[in-house]
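Read off the chains here:
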Amino acid sequence: MTRKRKSTAKAIEIGIKGKQIQQIQEMGPFISDLPKSVLQDVLTKLPIRSIIMCKRVCKAWYSLISDPEFAKLHLAQAEACPLVRPSAPTRVSRTVYLLEPEEKSDFDLKDFVGDGGTSECIHFHLRMNFCKFKIPLRNADQAIHAMRNRKGRTKRKPCIKLEPLDHKYMYVNSCNGLLFLAETFYNDPLVVCNPITGEFLQLPESSKDESQERLSIRCALGYSPKTNQYKVLRVFSQGTPNLVRMVELYTLGQRSWKSLGTAPTSAAYMLLTLPTYLNGELYWFYYESSYEIASFDFDNEQFHSVPTPPFELEECQHVSLGLLGGSLCVCYAHENCINVWVMEDYGTQKSWTNRFSIKTDDGVWWPNGLYEPMRYLKNGGLLMFNHSTVTLIYYHPRNYRSLIYLKLRGFSPYFEAISHVPSFISLKDILMGNDVEVLNINSRCAECKLPGETRGLDLVNLDADIASDDRSFKEFRMKQGFYRWQ
């Protein structure tokens, strides 16, 4: 009798579930019924943080987002965003923040301004998507050893303070979603990492002659579309008493560096100032009698010269080189103007177009220092980073407010930023060969934490047009180096 009752109860339960499934099916199709190509197209348009959350929804979505095909589709339409890192001189930070502006918001902050024209420093998270990631530490084994020595009976993660000279990597450049890092003084050792996937690769040391010391080592990461290989260019000087400038090239996944012989020109040419990758070539500034632009082609492994914008760069106070809207751009500040020039057609000086010409004598307080364009927004606005004040600046020529300051605040008053295109491409899928170990950032030093890692990042809106006479804004200007250009 007992067995019969159980079987009857089970049959009733199955019948109820069957009716529920039938009712759900009558409601209509599910998102899982979409074709793979449609679902990929939808997911690639989401912010990075949303894609990472979708990856945890189910096994099917995890498999879809982890597919190398999805990573390629996402990279093809991804746009550059500021990748910000705390950079206190006495601390080491392995935390980076990807700031993705929401294009629909257009940075319209009218809803956050007080009535009657009142203005204050408004503390809130701007409509910008924040993603928090980690980059590797130098000499991680030493950090682990220090952590284990301090770890007692407590179950809490020990907080250790590391010396920047021993454990910090600096930003070098970004290429197709990969971040290139180097030791802060000698540019050696070198690391390539993807903060989104949490993977990194340590580059091998070159087979150098120990009897000859290397000086002025410079390097940068690039990509060869012809061979589908990622490569690192390195230039250095060696030899006494006469210095010889040498060039080396490393292909990710190989065991050793390849020598390309001597460098083609002067020492200033080889400094690789502000290295910028675009369409198979690496660009950088050098200065002799005036500012010039040089390039290195990763396909044919040769150096070239690039026509500069049609103005005298040597007269500029601050000049930066970067990318804007998928094109090479030069941003310079001179006298009462900040100009942004974009090269629309490679190799032609006439193709340089003055995209922005921002007047700084319009009664608005502008910060001094180097401006680096970060992103050209769909609404026609420009997002820049000012290095001297550690401030993101939003400018729109037709906005009711011409200028909005976005001050970064966290556990450190010092930050550095780089324009970075986020990518889900795995380092394991791009290495040429199987002799190189791909490491995971999250598994290394996972047991320890650094000071300030658990704290978030805030953006503080400071409206220059309205708050120029406000007392709190005046104090901010005096502390951060803002001034009115005359």
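Residues numbered from 1 in each chain as written. Predicted model: local features only at pLDDT ≥ 70, side-chain atom pairs only at ≥ 80, totals over all residues. Heavy atoms only, no water.

**Here we look at the overall build of the protein**
Then step 1. Secondary structure assignment for the protein yields nine helices and 29 strands.
Then step 2. Out of the 486 residues belonging to the protein, those deemed buried represent 49%.
Then step 3. Partitioning the contacts of the protein with sequence separation of at least 6, the portion at a separation of at least 24 is 58%.
Then step 4. In the form shown here, the protein has an accessible surface area of approximately 24,900 Å², with 49% of it arising from carbon and sulfur atoms. (Helix = DSSP H or I, 4+ residues; strand = E, 2+ residues; numbered from the N terminus. Buried < 20%, exposed > 50% of the residue type's maximum accessible area, 1.4 Å probe, protein only. Contact = heavy atoms within 4.5 Å. Areas by Shrake-Rupley, 256 points an atom, 1.4 Å probe, with all protein chains shown as cover.)

**What to know about the sheet that holds strand 4 (residues 128-134)**
Picture the strands of a sheet paired through backbone hydrogen bonds; they go either parallel or antiparallel.
Then step 1. Taken in spatial order, the four strands make up an open sheet running 4-2-1-26, and their pairing is antiparallel. Both edges of this open sheet fall to strand 4 and strand 26 (415-420), since each of them pairs with a single strand only. On average, each strand axis in the sheet is inclined to that of its neighbour by 25 degrees, with strand direction left out of account. (Pairing = 2+ DSSP bridges. Axes fitted to C-alpha atoms, helices over the stretch in contact; angles between N-to-C directions.)

**Description of the sheet that holds strand 15 (residues 291-297)**
Then step 1. Read across the open sheet, the four strands follow the order 13-14-15-16; overall the sheet is antiparallel. The sheet is open, and its two borders are formed by strand 13 (273-278) and strand 16 (302-306), each paired with just one other strand. Here the strands of the sheet are splayed against their neighbours by 30 degrees on average, with no regard to which way each runs.
Then step 2. Here four bridges tie strand 13 to strand 14 (residues 281-287), and the two strands are oriented antiparallel to one another. Counted as the bridge partner of T276 is Y283 from strand 14.

**Things to note about the packing of helix 2 (residues 36-44) against helix 5 (residues 68-77)**
Then step 1. Here helix 2 crosses helix 5 at 45 degrees, and the two axes come no closer than 10 Å. In terms of orientation, helix 2 and helix 5 fall into the oblique class. Taken as a pair, helix 2 and helix 5 cross one another with a handedness that is right-handed. Touching K36, Q40, L43 and T44 of helix 2 are E69, F70, L73, H74 and Q77, all from helix 5. (Parallel < 35°, antiparallel > 145°, perpendicular 65-115°, else oblique. Left-handed = near helix turned anticlockwise from the far one by under 90°.)

**A short note on the pairing of strand 23 (residues 382-386)**
Then step 1. Counted residue by residue, strand 23 has five buried out of five residues, so it is predominantly covered.
Then step 2. Residues L382, M384 and N386 of strand 23 are buried on one face, and the alternating residues L383 and F385, pointing to the opposite face, are buried as well.
Then step 3. Relative to strand 23, strand 22 (residues 371-376) is paired through five bridges, and the arrangement is antiparallel. Following the sheet pairing, E372 is matched in strand 23 by F385.
Then step 4. The hairpin turn running from strand 22 into strand 23, its antiparallel successor, is five residues long, and G380 in that turn takes a positive phi close to 95 degrees.
Then step 5. Strand direction decides the pairing type here: strand 23 and strand 24 (residues 391-395), joined by five bridges, are antiparallel. Considered in strand 24, the bridge of N386 is made with T391.
Then step 6. Count of turn residues in the strand 23/strand 24 antiparallel hairpin: four residues, of which V390 carries a positive phi of about 55 degrees.

**Details of helix 4 (residues 59-66)**
In an α-helix, one full turn covers 3.6 residues, which means residues spaced three or four apart are oriented alike.
Then step 1. Along helix 4, the residues classified as buried are W61, L64 and I65. One face of helix 4 carries all of its buried residues, which in axial projection span an arc of 90 degrees.
Then step 2. In this structure, the buried residues of helix 4 make contact with helix 2, helix 3 (48-54) and helix 5. (Arc of directions from axis to C-beta.)

**What to know about the packing of helix 2 against helix 4**
Then step 1. Where helix 2 contacts helix 4, the two axes come as close as 11 Å, and the packing angle between them is 75 degrees. The pairing of helix 2 with helix 4 is recorded here as roughly perpendicular in orientation. Contacts between helix 2 and helix 4 involve K36, L39, Q40 and L43 from the first element and W61, L64 and I65 from the second.
Then step 2. Looking at side-chain class alone, the contact of helix 2 with helix 4 contains five nonpolar, one polar and one charged residues. (Nonpolar A, V, L, I, M, F, W, Y, C, P; charged D, E, K, R; others polar.)

**A few points about the packing of aromatic side chains**
Then step 1. Tallying each qualifying case throughout the model produces nine aromatic pairs.
Then step 2. Between Y277 and F298 the ring centres are 6.5 Å apart and the planes differ by 55 degrees, which places this aromatic pair in the tilted class. Taken as a pair, Y277 in strand 13 and F298 in the loop between strand 15 and strand 16 lie far apart in primary sequence, 21 residues in all.
Then step 3. With a relative accessible area of 7%, Y277 lands in the buried category.
Then step 4. Centroid distance F356 to Y395: 6.2 Å. Interplanar angle 75 degrees. Geometry classified as edge-to-face. Here F356 is found in strand 20 (residues 352-359), whereas its partner Y395 is found in strand 24, with 39 residues between them in sequence.
Then step 5. A residue is classified by how much of its surface remains accessible, and F356, at 5% relative accessible area, is buried.
Then step 6. Of the aromatic side chains, those joined through ring pairs into one cluster are Y277, W284, F296, F298 and F303.
Then step 7. Above the plane of the ring of Y171 lies R85, whose end atom (NZ or CZ) is 4.9 Å from the centre.
Then step 8. Against the face of Y376 rests R355, its NZ or CZ located 5.4 Å from the ring centre. (Phe/Tyr/Trp six-rings, centres within 6.5 Å; stacked < 30°, edge-to-face > 60°. Lys NZ or Arg CZ within 6 Å of the ring centre and 35° of its normal.)

**Some thoughts on the nonpolar core**
One broad trend across soluble globular proteins is that nonpolar side chains are buried collectively.
Then step 1. Residues F180, V232 and L252 are the most contacted members of the largest nonpolar core, which totals 68 residues.
Then step 2. Tallying contributions element by element places strand 6 (residues 178-183) first for this core, with five residues.
Then step 3. Among residues more than four places away in sequence, those in contact with L252 are V192, L201, L221, Y230, V232, L431 and M432.
Then step 4. In terms of nonpolar packing, the next biggest core, distinct from the first, is built from 18 residues, V84, Y394, I404 and L408 among them. (Core = buried A, V, L, I, M, F, W, Y, C linked by side-chain atoms within 4.5 Å.)

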